[in-house]
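Letter by letter, the chains look like this.
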Amino acid sequence: MKLVLLGPPGAGKGTQAAVLCKEYNLLHMSTGDLLREAVKNNTAQGIQAKAYMDRGDLVPDEIVAAMITEKLKNEDVSAGFMLDGFPRTKKQAEILDQALIELAMPLDRVVYFATKEETILTRLTGRRICRSCGRIFHVTNIPSKKEGICDGCQGELYQRNDDKEETIKNRIKVYNSQTKELIDYYQAKNILQQVSGDMDVNELFSVLKDTFKKSGLI
Ligand code: ADP
Ligand code: ZN
């Protein structure tokens, strides 16, 4: 199964991606995670990307597209893959199309998480991430058993730099001006599936499993 998760920041893409990839053994590729890793390791790409990320702006297309095309070429994607947070511009979508044509691996589906703005704000301001394994928590919706500590690996939970209110507002603006048009782009290719990003994790997971089964994707 070859999927893209599309939607505003805070729609729950990362959380849903983690459960879906585990269930179906898909390779999870999140440009946000890859970029945060690059920043942490002070790579040339990370150093370039940091300022954009801190402002909530998009990192230049060439940087993120290179990260993804490299992974698609080098990693085992035989069971399928899931792209989460990529593509985010029409240019990125076109680069992806071209790379997938070369690999003869067309996308099966783009799942669009339609999400209310109030859900987005609550999710992003309360989001906490494990510094060691990247697992996503939320202070009230998905609390860890011990405050500030990851249930899985006992790592320290932190709030992302860009999950502060001012930056969140800019990320939503950027989504509306640069990413939203991808809904029409994929609709025109007849591979768009809209779901509600307002549902909780398990509810949405079972809706998705059901629709994947019904359409013969799994
Ligand atoms: P969210 O979906 O919550 O906004 P991500 O982790 O996907 O968070 O992205 C965090 C930041 O990383 C973005 O605000 C942007 O600066 C950068 N980024 C991630 N993916 C892309 C992409 N495909 N193109 C450009 N910038 C990206
Ligand atoms: Zn952890």
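The structure reproduced in this document is the subject of the present report. (Residues numbered from 1 in each chain as written. Chains lettered and ligands numbered in written order. Predicted model: local features only at pLDDT ≥ 70, side-chain atom pairs only at ≥ 80, totals over all residues. Heavy atoms only, no water.)

It is worth spelling out the coordination of the zinc ion (ligand 2) at this point. Here the zinc ion (ligand 2) is held by the protein donor atoms Cys130 (SG), Cys133 (SG), Cys150 (SG) and Cys153 (SG), which lie 2.3 to 2.4 Å from it. Here the donor residues for the zinc ion (ligand 2) map to a single chain with the spacing C-x2-C-x16-C-x2-C. (Donors = N, O, S within 2.8 Å, 3.2 Å for Na, K, Ca; no water.)

Now for the sheet that holds strand β8 (residues 192-196). Ordered by their spatial adjacency, five strands build an open sheet running β2-β3-β1-β4-β8, and the pairing between neighbours is parallel. Two strands in the sheet have a free side with no partner beyond their single neighbour: β2 (27-30) and β8. For this sheet, the mean inter-axis angle between neighbouring strands, taken without regard to orientation, is 20°. With four bridges connecting them, β2 and strand β3 (residues 81-84) associate as parallel partners. The residue bridging methionine 29 from the neighbouring strand is leucine 83, located in β3. (Pairing = 2+ DSSP bridges. Helix = DSSP H or I, 4+ residues; strand = E, 2+ residues; numbered from the N terminus. Axes fitted to C-alpha atoms, helices over the stretch in contact; angles between N-to-C directions.)

What follows concerns the packing of aromatic side chains. Across all of its chains, the model carries two aromatic pairs by this definition. Aromatic side chains tyrosine 185 and tyrosine 186 sit 5.1 Å apart centroid to centroid with 90° between the ring planes, which places their arrangement in the edge-to-face category. With respect to burial, tyrosine 185 and tyrosine 186 carry one shared label: buried. A cation over an aromatic ring shows up here: arginine 131 above the ring of tyrosine 158, its NZ or CZ 4.4 Å from the ring centre. (Phe/Tyr/Trp six-rings, centres within 6.5 Å; stacked < 30°, edge-to-face > 60°. Buried < 20%, exposed > 50% of the residue type's maximum accessible area, 1.4 Å probe, protein only. Lys NZ or Arg CZ within 6 Å of the ring centre and 35° of its normal.)

A separate point is the nonpolar core. In this structure, Phe81, Leu96, Leu107 and Tyr186 are the most contacted members of the largest nonpolar core, which totals 34 residues. The greatest single-element share of this core, amounting to six residues, is contributed by helix α4 (residues 61-74). The contacts of tyrosine 186, once residues within four sequence positions are left out, are Pro87, Ala93, Leu96, Leu107, Val110, Ile191 and Leu192. One finds Leu20, Tyr24, Met199 and Phe212 within the second-largest nonpolar core, a separate group that totals 18 residues. (Core = buried A, V, L, I, M, F, W, Y, C linked by side-chain atoms within 4.5 Å. Contact = heavy atoms within 4.5 Å.)

To continue, consider the side chain of lysine 2. Along the polypeptide, lysine 2 turns up in strand β1 (residues 2-6). A polar contact of 3.4 Å, which involves the side chain of lysine 2, links it to the backbone oxygen of proline 106. Not counting residues within four places of it along the chain, the set of residues in contact with lysine 2 comprises Gly80, Phe81, Met105, Pro106, Leu107, Asp108 and Arg109. (Polar contact = N/O pair within 3.5 Å; in protein donor to acceptor, adjacent residues only side chain to side chain.)

The next point concerns the site of ligand 1. Contacts to ligand 1 come from 19 residues, most closely from Thr31, Arg36, Asp57, Gly85 and Arg171. Between ligand 1 and glycine 85, the relevant distance is 2.9 Å, taken from a nitrogen atom to a main-chain nitrogen or oxygen of the residue. Side-chain polar atom of arginine 88 to an oxygen atom of ligand 1: 3.0 Å apart, as the coordinates give it. Taking 550 Å² as the accessible area of ligand 1 by itself, protein coverage stands at 96%. Ranked by residue count, the leading element in the shell around ligand 1 is helix α2 (residues 31-40), at four residues. (Near = heavy atom within 4 Å. Areas by Shrake-Rupley, 256 points an atom, 1.4 Å probe, with all protein chains shown as cover.)

A word on the sheet that holds strand β7 (residues 157-158). With antiparallel pairing, the three strands of this open sheet are ordered in space as β6-β5-β7. Both outer strands of the open sheet, β6 (136-138) and β7, are each paired with one neighbouring strand and no more. Bridging between strand β5 (residues 127-130) and β6 involves three bridges; their strand directions are antiparallel. The residue bridging arginine 127 from the neighbouring strand is histidine 138, located in β6.

Take it as geometry only, folks, not as evidence of what the structure does.
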